[in-house]
Amino acid sequence: MKRKLKPSRHQETGSISFLIISLFLVLLILAFEAINISSAYLAKRELLSIGEAAIQHSAHNLDLRRYYANDQTLDQYSPFGSSYRVPIDCNAARLDFYSQIAQMQLRGNPISVSQWSCQLDVLDATLESAIEPTLAIPILASMTPSPGLDKVTITAGIGATSVMNTQ
């Protein structure tokens, strides 16, 4: 009584090809987005480097009147000596910073200063720039309601001060 096993028609009605193609497309989209996220992170590092160079150069604009009058802000006090902030000419530092940033670009796109502060001889700024994604998915780009959504806005906050030690 040997019984031959025949494949049943009910077991062969489905196909996994649709599932495989769908998973491949999902993985492809995730890979594109991972590359775009990495590119945005590197763009932020570039923007930080540009901003740090500009703000450190701007922090060297001394307020000579306050400097020679010893009108300094205490930064840190310790038993080994005190640290004072070097007096900064805020107007000259702002003009210097804005002129340096106006000459720079991030991946061919302009950089704008969205915030500037100079208080107690500490300079703070926030920079912004909009870059295109490294890999654009044409299907998703055509589905966006607004043409401005195809850019990624990169923001970086920076700050600087100059400190001198006395003993």
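Because the structure is predicted, anything quoted here is derived from the model rather than measured.

1. Quick look at the packing of helix α1 (residues 17-58) against helix α3 (residues 90-103)
Describing two packed helices takes the angle between their axes plus the distance from one axis to the other.
Working step 1: Packing of α1 against α3 leaves a shortest axis separation of 8 Å and a crossing angle of 150°. Comparing their axes, α3 and α1 come out roughly antiparallel. Between α1 and α3 lies a crossing whose hand is right-handed. Contacts from I50, G51, A53, A54, I55, H57 and S58 in α1 reach A93, D96, F97, Q100 and I101 in α3.
Working step 2: Classifying every residue of the contact of α1 with α3 by side-chain character gives seven nonpolar, four polar and one charged.

2. Overview of the sheet that holds strand β1 (residues 73-78)
Working step 1: Across the sheet, three strands lie side by side as β1-β2-β8; this open sheet has antiparallel pairing. On the outer flanks of this sheet lie β1 and β8 (163-166), each paired with one strand and no other. Each adjacent strand pair in this sheet contributes to an overall mean axis angle of 25°, direction not counted.

3. Regarding the sheet that holds strand β6 (residues 122-131)
Working step 1: The strand order across the open sheet formed by three strands is β5-β6-β7, and the pairing between neighbours is antiparallel. Edge strands, defined here as strands with exactly one partner in the open sheet, are β5 (112-119) and β7 (152-160). When the angles between neighbouring strand axes are averaged without regard to direction, this sheet yields 10°.
Working step 2: Across seven bridges, β5 lies against β6 in antiparallel orientation.

4. A look at the packing of aromatic side chains
Working step 1: With the rule as written, the count across this model stands at four aromatic pairs.
Working step 2: Ring geometry for Y67 versus Y68: centroids 5.3 Å apart, planes at 80°, classification edge-to-face.
Working step 3: Grouping aromatic residues by their ring pairs yields a cluster made of F97, Y98 and W116.

5. Things to note about the environment of I101
Working step 1: As for its position among the elements, I101 is in helix α3.
Working step 2: For I101, a relative accessible area of 1% translates into the label buried.

6. Topic: the nonpolar core
Working step 1: Counting 25 residues, the largest nonpolar core has I55, F97, I101, W116, L123 and L127 as the members making the most contacts within it.
Working step 2: No other element matches the seven residues that α1 contributes to this core.
Working step 3: Not counting chain neighbours up to four residues away, the residues in contact with F97 comprise G51, A54, I55, S58, V113, W116, A125, L127 and I158.

Thresholds, definitions, all that
Residues numbered from 1 in each chain as written. Predicted model: local features only at pLDDT ≥ 70, side-chain atom pairs only at ≥ 80, totals over all residues. Heavy atoms only, no water. Axes fitted to C-alpha atoms, helices over the stretch in contact; angles between N-to-C directions. Helix = DSSP H or I, 4+ residues; strand = E, 2+ residues; numbered from the N terminus. Parallel < 35°, antiparallel > 145°, perpendicular 65-115°, else oblique. Left-handed = near helix turned anticlockwise from the far one by under 90°. Contact = heavy atoms within 4.5 Å. Nonpolar A, V, L, I, M, F, W, Y, C, P; charged D, E, K, R; others polar. Pairing = 2+ DSSP bridges. Phe/Tyr/Trp six-rings, centres within 6.5 Å; stacked < 30°, edge-to-face > 60°. Buried < 20%, exposed > 50% of the residue type's maximum accessible area, 1.4 Å probe, protein only. Core = buried A, V, L, I, M, F, W, Y, C linked by side-chain atoms within 4.5 Å.

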